[in-house]
Each structure stands twice: as C-alpha cells, then as structure tokens.
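If you want the building blocks of each chain, they are given just below.
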Amino acid sequence: DRQNNHAGGGTCVFVKRSLQCRRVEFSCSASENNFEAVCVDIISSQIKYRIFVCYIPPYHGSKSNENLNDLIASLEPLLECDASVVMMGDFNFPDIRWSGDELLPTECVRNDSLVFVEMVSRHGFLQYVTEPTRVNNILDLVLCNDTFAISGLQVGPSFSTSDHNSITFDLFFTESH
C-alpha cells in the first residue's frame, strides 16, 4: 500500500492459488522518493523463483542517482539467494538501448542509467523486452538471471487506462501450473 498520494506508477503481484508463495519483506529509504518494489518467493517442488516488481519514477535531477543507489542497496542482498531471480516493472530509463540479440544493454547516457546497467551486469541479468512499451521507449523491463526461465514474451496493447503497453510471458515450471 502506498504511503503517499503520488499519481502514476505503482506495483502489484497476483499469484495463482495453486502456487506456494510468500512475501519477502524489505525496507528501502528510496521509497520516500516514490520508488516502489514488491518481492515474493514462488516455490514449487522443482524450482524456486524470487520475483521483484518495481517502479522507478522518471528522472528528477541529481537526487535520482542517490535515490537509485539507495534502492539498489536495499534490493541487492535479496538478489543473492538460491532462486532464479526475475525483476520486472516500469524502470523509466529511456536512454538505455538494449540489444535484441544478446538481451544486454548496449548504450546509456545518464549517470543513474549507468548505475542501473552496472547492477544488471553485476547480477547476470538478461533483459527480455525488445520492443517499445511506451511511445518509442522500452521503459518496462523483464530481467532474469536464469536463461531458461522466461519464454514467449510478448508486448501487447495497454491494460485498462495505462499509458504503457502490457507484457506477457511464460515462467518455466516443471509442474503444470
């Protein structure tokens, strides 16, 4: 639940009832600056996923770098786990260019974008969204550190009143869910 009345952004996770799920608690001082993140573990008998859904507001000057560092510092301990990690959401980095073939960042301009790209590289994430999700920009990302976890990703029309396109994908489970 939001602690302020900020318009735009937001995070939410829905999990199918047949899946075992638990919320992973963490705190972040960057949440005072409208950064939002929700984390859950989804566990089957064969595989475990740690899923983050994040919202990073658009760039707002020099404090953005400091705020992003705070957010990353609060998330990074949770990235070191015995699960495949999926991080998705609206990250608002229009200056990052992603290579469609290699699923890696190829270029960025802003300092806060570079901080984000370094975190992606440090944790072995690949980015699976290869077409624009808002106007001509890839702002909404699906990052994963397991090359076999994500398949069938598609960018579709916006959902409800959102000004971003929707993203759907399959998450690999060895059981049928």
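Residues numbered from 1 in each chain as written. Predicted model: local features only at pLDDT ≥ 70, side-chain atom pairs only at ≥ 80, totals over all residues. Heavy atoms only, no water.

This prediction gives the chain a mean pLDDT of 86; 88% of its residues lie at or above 70. Of all secondary-structure elements in the chain, the lowest mean pLDDT belongs to strand β6 (residues 105-107), at 83, while strand β8 (residues 140-144) reaches the highest, 96. (pLDDT = per-residue confidence, 0-100. Helix = DSSP H or I, 4+ residues; strand = E, 2+ residues; numbered from the N terminus.)

Remember that side chains alternate between the two faces of the sheet whenever the strand is regular. The buried fraction of strand β4 (residues 84-90) amounts to 7 of the 7 residues, a majority that puts the element mostly inside the structure. In the sheet, strand β3 (residues 48-55) pairs with β4 via 7 bridges, with the strands oriented parallel. In the strand pairing of β4, Y49 is matched with S84. As judged from the 5 bridges shared by β4 and β8, these two strands associate in the antiparallel manner. By the bridge assignment for β8, M88 is matched with V142. (Buried < 20%, exposed > 50% of the residue type's maximum accessible area, 1.4 Å probe, protein only. Pairing = 2+ DSSP bridges.)

Before going further, it helps to spend a moment on the packing of aromatic side chains. All chains considered together, the criterion is met by 2 aromatic pairs. Both rings, one in F91 and one in F116, keep their centres 5.1 Å apart while their planes meet at 40°; by these two values the pair is tilted. Within this pair, whereas F91 is found in the loop between β4 and β5 (97-98), its partner F116 is found in helix α2 (residues 111-122), the two being separated by 25 residues in sequence. Exposure class is identical for F91 and F116. Each is buried. (Phe/Tyr/Trp six-rings, centres within 6.5 Å; stacked < 30°, edge-to-face > 60°.)

A separate point is empty space enclosed by the protein. If you walk through the whole model with that rule in mind, you get 1 cavity of 30 Å³ or more. By volume, the largest cavity is sized at about 70 Å³. Lining the largest cavity are C54, I56, L68, L71, I72, L75, E76, L79, M87, F91, F116 and M119. When contributions to the lining of the largest cavity are tallied by element, the ones reaching two or more residues are α1 (63-79) and α2. Examining the composition of the lining of the largest cavity, we find that 6 residues originate from one element, α1, more than from any other. (1 Å grid on protein atoms, 1.4 Å probe; cavity = no way out; pocket = protein on both sides within 12 Å on 5 of 7 lines; lining within 4 Å. Points joined across faces, edges and corners; volume = space filled by probe spheres on them.)

Notably, N92 is not glycine yet its phi reads approximately 55°, a positive angle. Along the chain, N92 turns up in the loop between β4 and β5. Classification of N92 by relative accessible area gives buried; the value is 10%.

With that settled, the discussion passes to the nonpolar core. Within the largest apolar cluster, 47 residues are counted, with the highest numbers of intra-cluster contacts made by F52, L68, M87, F91, F116 and L143. Elements represented by at least two residues in this core include exactly β2 (36-43), β3, α1, β4, α2, β8 and β9 (150-158). With 6 residues, α1 is the single largest residue contributor to this core. Ignoring anything within four residues of it in the chain, the contact list for F52 reads V38, C39, L75, L78, L79, V85, V86, M87 and M88. (Core = buried A, V, L, I, M, F, W, Y, C linked by side-chain atoms within 4.5 Å. Contact = heavy atoms within 4.5 Å.)

In this section: the layout of surface pockets. Within this model, the largest pocket holds a volume of roughly 1400 Å³. Every element with two or more residues in the lining of the largest pocket is listed here: β2, β3, β4, β8 and β10 (165-171). It is β10 that contributes the most residues to the lining of the largest pocket, 7 residues altogether. Looking at the lining of the largest pocket residue by residue, the classes come out as 22 nonpolar, 12 polar and 6 charged. (Nonpolar A, V, L, I, M, F, W, Y, C, P; charged D, E, K, R; others polar.)

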